[in-house]
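# Chain and residue survey
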Amino acid sequence: MVSLGDLPARFDRAIGAGLEPVAPAAPGGLPAWTDDDVRRAVGELPESFRSAVLLVEVEDLSYEEAAEVLGCPVGTVRSRLSRARRLLFVRLEEHARRLGYGRTPGEA
Amino acid sequence: MTAESVHYREDLDDLLDGRLEPTRRAVVEAHLQTCAQCRREWNALQRVKESLRSALSPAEPPPQVTAAIRAQLAREPLAPRRGRIGAAVAVGLAAAAAVLVAVWIGRRIDPPAEAAATFLHYKSGDLPLDSAAKEPAELEEFFRRSGIPFRTRVFDLGMMNYRLAGGRVTTLGGRKSAMFVYRGPGNRLLICEMFEGRTSDLPRGGSQRVHEGIVFHVYRDRGLTEVFWQEGPVTCVLVSDASPEETIALAYAKAARL
């Protein structure tokens, strides 16, 4: 579980675990995150984050355009997007580790 | 995490999205050469961006929705220095965006995942309540005034040591949802949501229980227990971080009063 409050610390732990790239591809060459994993993770984002991600990453709107659509300041789009990306990374990374990809620190 | 890399955090997002001025961009790129922490963060952000592009291809949203957004934006060309667009256009854009999100994502996600996300969002302190009513009747009146299209039934769980903390209107399953919050023993959190929908549309992965002739659909997600049941045209769900059996018992107590 990742709440927004402890996100920075969880993100730092996820990227700081000495894995680079973080969740490497599976032995068979399949990526550790499937498209379904990503879609599910996007679906579970708080609604305001999800809207920012969809408009910028999928619709290719600029931050300014997304701000107009969402009726919020550009800085809000930027910070929501920034937090949403890190939240997605933490969730996808933790999901991949639960499935046995990568190694957690301290593991033999 | 060093203070220096904190400083570059949102710059990395700007770099990723091609938004940095050349001078700033050179600074950030030089920093990436020397700071392993920021480099890992940069790699992570690139992976997220690639994953999103791969998983959510632009061909997938309903084309008419995308077209509506594009048409609105085209009508009001966006320049970096322009002022606020007209209110009517902004409303149209917001409506188009809402449809995009509801239609496109709505068919991908499921009420259990959404209700869990709402629970965690509230628990993290990022989802304020719009009413702090502590009495069921008062909160029911708030939902009526807020345009919830069915009669809500906010229940009194005082006998089970759960106290009403308030409520707000949210969305669930693409519909307006009446959400209300209780605090229980040990500061445990219980959230109830009611929305127009059918439990028969819930995704697989839950288990079913029958109590006093009512079917309960139980899901476990990220340490939470969710219990759904049908009340006429309305689907009700209880979400809690209490134990599964305690959450189910609360649902039994509530639904049995029909």
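Residues numbered from 1 in each chain as written. Chains lettered and ligands numbered in written order. Predicted model: local features only at pLDDT ≥ 70, side-chain atom pairs only at ≥ 80, totals over all residues. Heavy atoms only, no water.

Turning our attention to the sheet that holds strand β2 (residues 175–183) of chain B. Residues and elements named next belong to chain B. The sheet built from seven strands is open, its strands ordered β1-β2-β3-β7-β6-β5-β4 with antiparallel pairing. Two strands lie at the open edges of the sheet, namely β1 (163–172) and β4 (207–211), each paired on one side alone. On average, each strand axis in the sheet is inclined to that of its neighbour by 25 degrees, with strand direction left out of account. Looking at chain direction, β4 and strand β5 (residues 214–221) are connected through five bridges and run antiparallel. Within β5, the residue paired with R209 across the bridge is F216. Sitting on the sheet, helix α8 (residues 244–255) is in contact with β3 (189–196), β4, β5, β6 (224–231) and β7 (234–240), with an inclination near 20 degrees to β6. (Pairing = 2+ DSSP bridges. Helix = DSSP H or I, 4+ residues; strand = E, 2+ residues; numbered from the N terminus. Axes fitted to C-alpha atoms, helices over the stretch in contact; angles between N-to-C directions. Contact = heavy atoms within 4.5 Å.)

This brings us to the pairing of β5 of chain B. Residues and elements named next belong to chain B. The element β5 is extensively covered by neighbouring structure, given that six of its eight residues are classed as buried. Where β5 and β6 come together, five bridges link them in antiparallel fashion. Paired with R220 across the two strands is T225, which belongs to β6. (Buried < 20%, exposed > 50% of the residue type's maximum accessible area, 1.4 Å probe, protein only.)

This next bit is on the confidence of the model for chain B. Residue and element names in this part refer to chain B. Put simply, chain B has an average pLDDT of 81, and 76% of its residues get 70 or more. Scored below 50 in pLDDT, residues 1–5 shows 10 contacts in the model against residues more than four places distant or in partner chains. Low pLDDT (under 50) marks residues 77–88, which in the prediction has 13 contacts with non-local residues, meaning those over four places away or in another chain. The ipTM for the predicted assembly is 0.80, set against a pTM of 0.48. (pLDDT = per-residue confidence, 0-100.)

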